[in-house]
Amino acid sequence: MVLYLNEFLEYANSFDNTWAIKLQRIKKFDVEKKYLHDMTGDELVNLTNSTGTRAVYMYRQILIKYLEWLKREYFFDTSIKIYKLKNTPTDNTFIGFLDIKELRDAVDGAIDTAQYNSISVNVPLATAIYYLEWYGVRKDDMLSIMRDNVTDLGRKIFVPAQGRTIEIDDEQAANFFQTYKYMEEIEGIRKIVLKGDTLLRTSHEGIKDTALRKVYTSMDDVRLHCNVTFESGACHRLYQIEQKQHSPIITNENFSQIKSEFHLHEMSSQTAHRLLRLYAGYKEAYIARLKEEQDRKNEQSYL
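Now for a quick tour of the structure.

1. Quick look at the pattern of salt bridges
- According to the stated counting rule, one finds 13 salt bridges in the structure shown.
- In this structure, Arg 289 engages Asp 99 in a salt bridge whose closest nitrogen and oxygen atoms are separated by 2.6 Å. Placement of the pair is Arg 289 in helix H13 (residues 269-302) and Asp 99 in the loop between helix H5 (79-87) and helix H6 (100-116), with a sequence separation of 190 residues.
- Assessed through its relative accessible area of 17%, Arg 289 is described here as buried.
- Across the pair Arg 155 and Asp 152 runs a salt bridge whose closest N-O atoms are separated by 3.1 Å.
- Judged by its relative accessible area of 38%, Asp 152 falls in the partly exposed class.
- One salt-bridge network, held together by shared partners, links Asp 99, Glu 102, Arg 289 and Glu 293.

Structure below.
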């Protein structure tokens, strides 16, 4: 049961109606018919765990939004419950993208779905944002990139806000940025121009809301939400580093590489352990996929 459900629906619909819809869905997992705010933090964690490995992250985010709203609007003490939902690990099941191709397929599918449903999407902008996130550029830093910062036929992008150059090692992504760099008009889309020389040619609101929200709400794919793309890209880079070193360098004793790839100026022990668990899940899933691919090749060679 959800206290003040209608009020929360009205609030949620004001920025994204999928939050409210999915919050209603979660009630079916509440077999004891207790109010969500009366459940303990552990009970809420167990409730989200029952939604399945792909959905657990999404449902935790929904409950956190709801509990934060209850605390803000009705002064309920939900701090401990929010903490539990944010910091209790699910398991090592990785929810994200193993490589850039998986990301591209998910974004393309979401865009196709949005367009099928007559939802106007700034496709180049959405694509650029997801690619930049994959390569470790946080949304707040994206508007610092100028068109002239894209060089070497799209294979290098200097990010002034981070003081570093990212290497675009995927040919399709590099070709995209080389084309996007010179793109002036996007058919059917009203441009919001801050500076004509900025790569994305939009506002902070455009980055965080307009382009992406229409994409990830068009498909029930939790991987397109929040920071999943950014963290997936970081995990992918960590794995590649380990392969070059021929030994596991991401350990409980060595958090420096995690701090570097996630571009964190400060990192608490709690954050470090969360990211370590995230990377362990990624590594397990990636190795499992490599084994499946090899097994498939072996089977075909016998045919």
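Having put the structure on the table, let's press on.
2. Points about the packing of aromatic side chains
- Per the counting criterion, the structure on display carries 17 aromatic pairs.
- Seen in terms of ring centroids, Phe 8 and Trp 69 are 5.2 Å apart; in terms of plane orientation they differ by 65 degrees. Their pairing is edge-to-face. One end of the pair, Phe 8, is in helix H1 (residues 5-13); the other, Trp 69, is in helix H4 (residues 56-74), and 61 residues separate them in sequence. Here Phe 8 and Trp 69 have matching classes, each one buried.
- Here the aromatic residues Tyr 4, Phe 8, Tyr 11, Tyr 66, Trp 69 and Tyr 74 are joined through ring pairs into a cluster of three or more.

3. Overview of the side chain of Lys 81
- Relative to the elements of secondary structure, Lys 81 occurs in helix H5.
- One buried charged residue, Lys 81, remains without a salt bridge, the closest side chain of opposite sign being Asp 38 at 6.8 Å.
- When near neighbours in sequence (up to four residues on either side) are disregarded, Lys 81 contacts His 37, Met 39, Gly 41, Leu 44 and Leu 67.

4. What to know about unusual backbone geometry
- You will see that Phe 75, though not glycine, has its phi angle at about 60 degrees, which is positive.
- Structurally, Phe 75 can be placed in the loop between H4 and H5.
- Phi at Asp 152 is positive, roughly 55 degrees, even though this residue is not glycine.
- With respect to the element layout, Asp 152 can be found in the loop between strand S1 (150-151) and strand S2 (156-159).

5. Observations concerning the pairing of strand S3 (residues 164-167)
- With four bridges joining them, S2 and S3 adopt antiparallel strand pairing. Within S3, the position partnered with Val 159 by the bridge is Arg 164.
- Hairpin connection of S2 to S3: four residues between the antiparallel strands, including Gly 163 at a positive phi of 60 degrees.

6. A word on the sheet that holds S1
- As summarised here, the arrangement of the three strands in space is S1-S2-S3, forming an open sheet in which the pairing is antiparallel. Strand pairing shows two members of the sheet lacking a second neighbour, S1 and S3, which therefore form its edges.
- Here two bridges tie S1 to S2, and the two strands are oriented antiparallel to one another. For Val 150, the partnering residue across the bridge sits in S2 and is Ile 157.

Conventions and cut-offs
Residues numbered from 1 in each chain as written. Predicted model: local features only at pLDDT ≥ 70, side-chain atom pairs only at ≥ 80, totals over all residues. Heavy atoms only, no water. Salt bridge = Lys/Arg side-chain N within 4 Å of Asp/Glu carboxyl O. Helix = DSSP H or I, 4+ residues; strand = E, 2+ residues; numbered from the N terminus. Buried < 20%, exposed > 50% of the residue type's maximum accessible area, 1.4 Å probe, protein only. Phe/Tyr/Trp six-rings, centres within 6.5 Å; stacked < 30°, edge-to-face > 60°. Lys, Arg positive; Asp, Glu negative; His and termini not counted. Contact = heavy atoms within 4.5 Å. Pairing = 2+ DSSP bridges.

Don't take any of this as a statement about function, it's just geometry.
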